[in-house]
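# What the coordinates show
For reference, the chains in residue letters:
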Amino acid sequence: MGWRWPVLTVSCAVFIYYYIYSRSDPRVSGHVSANSSYDYIIVGAGTAGCVLATRLSEYPDISVLLLEAGGSEEDNPVIRVPFAALELQNSEVDWAYRTEPQQKACLGMDKQRCAWPRGKVLGGSGSINNLIYVRGNRHDYDGWAREGCEGWSYKEVLPYFIKSEDIQIPEFRNSAYRGKGGPLPVKDGTVTPLADIYRQAMEELGYTVTDCNGRTQTGYCPTQENVMGGERWSTARAFLRPAMNRPNLHVIMNAHVTKILTDEKTVTGVSFIKDNIKHTVRATKEVVLTAGAINNPQLLMLSGIGPKKHLQQMNIPVVADLPVGDNLQDHILMGVTFNDRTNSAGAALPSLATMLQYLIFRSGTLSEPHLEASVFIKDDDSQFPSTQFTFYSIQNHPELIDKFIKLTNLDPKIRDGMRERFQKSINTDIGTFFIENILLHPKSRGTIRLQSADPFDPPLIDPNYLDHPDDAKVLLKGIDTMMKIANTTAFRSIGASPNDPSDEYLPPCNELPFPSKEYWVCRMAHYAYTVYHPTSTCKMGAANDVTAVVDPQLRVIGIKNLRVADASVMRNIPSGNTNAPTIMIAEKAADLILGVDSVKHIRKVTENL
């Protein structure tokens, strides 16, 4: 117990340092009064909203209001620490959603409800995520275009990825696929000796090292992350903060938007609650929703835009009958712990020394998320990968059990068994690391629905995990590949044998023979959980597509002066982490709204890629 006092002291020192030197600009302290009207009102200052507000306000004659339900990211010193993502979830900067009880998944979670963290702060989920930068696969976007999303092919969206980026990885600086000088830093995320083990293992299995954000995604990809100088770089940090002093941009925080205001089928503004006072602001041009794949459909339905039958059940007058909240897609993962007799992974509980190292030098364990690599695996008959493995170089520790249970909403009854299993690793001086087996293209589809007509009631989130039988089949194929990885010479050299997963405490699956199919099916149903990538609840499509909510210009179909511009418009979830594609969507949305082509010069370079 003696370590707690010095750690507490250093934690206070970190807080004081940030409080004195990193306070937010007074213009965005949460006390800015709104004008009566703006050209554009953007709802949600998450990953997309910060980008869009910055780009629109580059034009001095355009007035922009950005509304955010949460507070300033600079009021929480932990946000800047890359290692601290787990500390941020279930905190005041997280909406801390829970799904509806699941029938075929989340069976090991409390009341069969999975946790769904979403950022409630400037920067949104980009302020609480693990900072991995993955653009997706070219065939993702070509598929959108083939299905009616004109203008969204890979060739057409690539310049917007490049526009945002400032690549910090030397071997990619001259790649035509990569950007230099953009607001968003992208650096190499490898940090421990385990990265070499991961690479060697995948090379044994025939996977070559690739830039997964370049010409070819499939293969072994050392992590690329949005970190610079040992600190998190969300879009709030990279885009919004440098624009804060623009007189034509106002940012109001702790402002909960309750309704989109319409006259007939034309949007005129929004109403929001701040400090228990209702405010109404008019949009002279457009309202743009960037509140994410959960809150966008919630707000649309509260405003009478959504499935007619559901709105009538909620006694909400119907403005437009659209499939809002349908087509919910999310990546789901199965994590497996492996032993490591070299103890090379990062310590799960920072020591006094590592905290001081970070405080003084911005280096060491706390300066990295420790997700060191991804592998993208595709079937022979597929254009894009079906599976992503991420290698997480972090140690288990009994002190983390309560936090992990709360993080994933695990059934508390397994706490003692898990703590005993983690303590066993420590007693035998055996390190650990994780591999996450991620389903990239689920066929199951979920929904977002209203719980009530009260805008402060959380929505009903039903991801409908594993409803389609093919999803379980793909996850099982991933497990087969994972066992092949465990059987490589590289993994065996550090004691990470195929038998390691059997040591985990995951009832009732431990009662089944390992590594039988029955064991993995049980484990999948009980312990698979979200990768925090909800998308597609305001699906993009052609104007005559009855499954679409927005057209390829991101305009809500049948409604004037209203657009949606974030991950909720994705026609289908992309092959990889969703933060980078969300930034791309916001960059392109700015051009669509303004009627400009800001990437013409980039397109000349990428035309034949």
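What counts as what
Residues numbered from 1 in each chain as written. Predicted model: local features only at pLDDT ≥ 70, side-chain atom pairs only at ≥ 80, totals over all residues. Heavy atoms only, no water. UniProt positions renumbered as here; feature names shortened; annotations may be inferred. Helix = DSSP H or I, 4+ residues; strand = E, 2+ residues; numbered from the N terminus. Rg over C-alpha atoms; globule rule 2.2 N^0.38 Å. Buried < 20%, exposed > 50% of the residue type's maximum accessible area, 1.4 Å probe, protein only. Contact = heavy atoms within 4.5 Å. Areas by Shrake-Rupley, 256 points an atom, 1.4 Å probe, with all protein chains shown as cover. Lys, Arg positive; Asp, Glu negative; His and termini not counted. Charge placed at Lys NZ, Arg CZ, Asp CG, Glu CD. Expected span 1.5 Å × (residues − 1). 1 Å grid on protein atoms, 1.4 Å probe; cavity = no way out; pocket = protein on both sides within 12 Å on 5 of 7 lines; lining within 4 Å. Points joined across faces, edges and corners; volume = space filled by probe spheres on them. Nonpolar A, V, L, I, M, F, W, Y, C, P; charged D, E, K, R; others polar. Phe/Tyr/Trp six-rings, centres within 6.5 Å; stacked < 30°, edge-to-face > 60°. Lys NZ or Arg CZ within 6 Å of the ring centre and 35° of its normal. Pairing = 2+ DSSP bridges. Axes fitted to C-alpha atoms, helices over the stretch in contact; angles between N-to-C directions.

The chain goes by Glucose-methanol-choline oxidoreductase N-terminal domain-containing protein in an unreviewed UniProt entry, where it is assigned to Magallana gigas. Its UniProt record gives the chain the following Cofactor (unreviewed entry) comment, quoted word for word: "FAD". Here is the UniProt Sequence similarities (unreviewed entry) comment for the chain, exactly as written: "Belongs to the GMC oxidoreductase family."

### As for the overall build of the chain
Helix and strand content of the chain: 17 helices and 24 strands. Relative to the globule expectation of 25 Å for 609 residues, the C-alpha radius of gyration of the chain, 23 Å, shows essentially globular dimensions. With the principal axes as the frame, the chain shows a C-alpha extent of 65 × 55 × 50 Å. Out of the 609 residues belonging to the chain, those deemed buried represent 61%. Taking the contacts inside the chain whose residues are at least 6 apart along the sequence as the reference set, 72% of them involve residues at least 24 apart. Accessible surface for the chain amounts to roughly 23300 Å². Of this, 52% is attributable to carbon and sulfur atoms. A distance of 3 Å separates the average location of the 62 positive side-chain charges in the chain from that of its 67 negative side-chain charges.

### So, the UniProt feature "domain: Glucose-methanol-choline oxidoreductase N-terminal" (unreviewed entry) in the chain
Under the local residue numbering, the UniProt record ascribes the feature "domain: Glucose-methanol-choline oxidoreductase N-terminal" (unreviewed entry) to residues 119-142. End C-alpha atoms of residues 119-142 are separated by 30 Å, and the span's content is 21% helix alongside 0% strand.

### Some details on helix α16 (residues 579-594)
Look at α16: 23 Å from first C-alpha to last across 16 residues, which is about the 22 Å you get at 1.5 Å a residue. Where burial is concerned, most of α16 is hidden: 15 out of the 16 residues are buried. Taken from the residues just after α16, G595 is the one with a positive phi, measuring 70 degrees.

### Looking at the layout of surface pockets
Of the pockets and cavities examined, the second largest pocket occupies roughly 470 Å³. Lining the second largest pocket are 25 residues, and of these S382, F384, P385, H441 and K443 lie nearest its centre. Elements with a minimum of two residues in the lining of the second largest pocket: α4 (138-146) and α13 (469-486). The biggest single contributor to the lining of the second largest pocket is α4, with 5 residues. Grouping the amino acids of the lining of the second largest pocket by side-chain chemistry returns 8 nonpolar, 8 polar and 9 charged.

### Considerations on the UniProt feature "binding site: FAD" (unreviewed entry) in the chain
Within this structure's numbering, the places UniProt gives as "binding site: FAD" (unreviewed entry) are V121 and V257. Taken along the chain, the residues just named run across 137 residues; in space they keep tight, none of their C-alpha pairs more than 14.1 Å apart. Along the chain, V121 turns up in the loop between β4 (115-116) and α4. On the basis of relative accessible area, V121 is assigned to the buried category, the value being 1%. Those residues within four positions of V121 in sequence are excluded, and the remaining contacts are A45, E68, G70, G71, S72, E73, I79, V93 and S127. Relative to the assigned elements, V257 resides in strand β12 (residues 256-263). The residues touching V257, leaving out its near neighbours within four places in the chain, are V43, L67, V270, S271, F272 and L299.

### Brief notes about unusual backbone geometry
At the junction of P507 and P508, the peptide bond is cis and its omega measures out at 0 degrees in the coordinates. Take P508: it is sitting in the loop between α14 (489-492) and α15 (517-527). In this chain, F514 is followed by P515 through a cis amide linkage whose omega measures 5 degrees. Among the secondary structure elements, P515 is positioned in the loop between α14 and α15. With a phi close to 55 degrees, N254 is a non-glycine residue in the positive phi region. You can call N254 partly exposed: its relative accessible area is 40%. For L554, which is not glycine, the phi torsion reads 70 degrees and is therefore positive. Inspection of the secondary structure assignment puts L554 in the loop between β23 (529-530) and β24 (562-564).

### Quick look at the packing of aromatic side chains
Applying the stated criterion across every chain yields a total of 15 aromatic pairs. With a centroid separation of 4.5 Å and an interplanar angle of 25 degrees, the aromatic rings of Y198 and F391 are classed as stacked. Of this pair, Y198 sits in helix α6 (residues 194-204) while F391 sits in strand β19 (residues 387-392), placing them 193 residues apart in sequence. On the basis of relative accessibility, which here comes to 0%, the residue F391 falls in the buried class. Note on Y519 and W520: the rings are 4.9 Å apart at their centroids and 80 degrees apart in plane angle, and the pair reads as edge-to-face. Taken individually, Y519 and W520 each receive the classification buried, so the pair is uniform in this respect. The lysine or arginine in question, K120, covers the ring of W95, its NZ or CZ lying 4.4 Å from the ring centre. Here the basic side chain of K588 rests over the ring of W152, its NZ or CZ set 5.1 Å away from the ring centre.

### Some remarks on the sheet that holds strand β7 (residues 219-222)
The 6 strands lie next to each other as β7-β18-β19-β20-β17-β23, forming an open sheet whose pairing is antiparallel. Two strands lie at the open edges of the sheet, namely β7 and β23, each paired on one side alone. Bridge analysis of β19 against strand β20 (residues 431-439) gives 6 bridges, and the strand direction is antiparallel. Directly across from F389, in β20, lies its bridge partner N437. Across the sheet, α15 touches β17 (332-340) and β23, and the angle it forms with β17 is around 115 degrees.

### A look at the environment of L131
Assignment of secondary structure puts L131 in the loop between β4 and α4. Between the C-alpha atom of L131 and that of F83, which follows or precedes it by 48 residues, the distance is 9.9 Å. Other than its neighbours up to four places away in sequence, L131 contacts P82, G126, Q224, E225, N226, V227, R232, W233 and P369.

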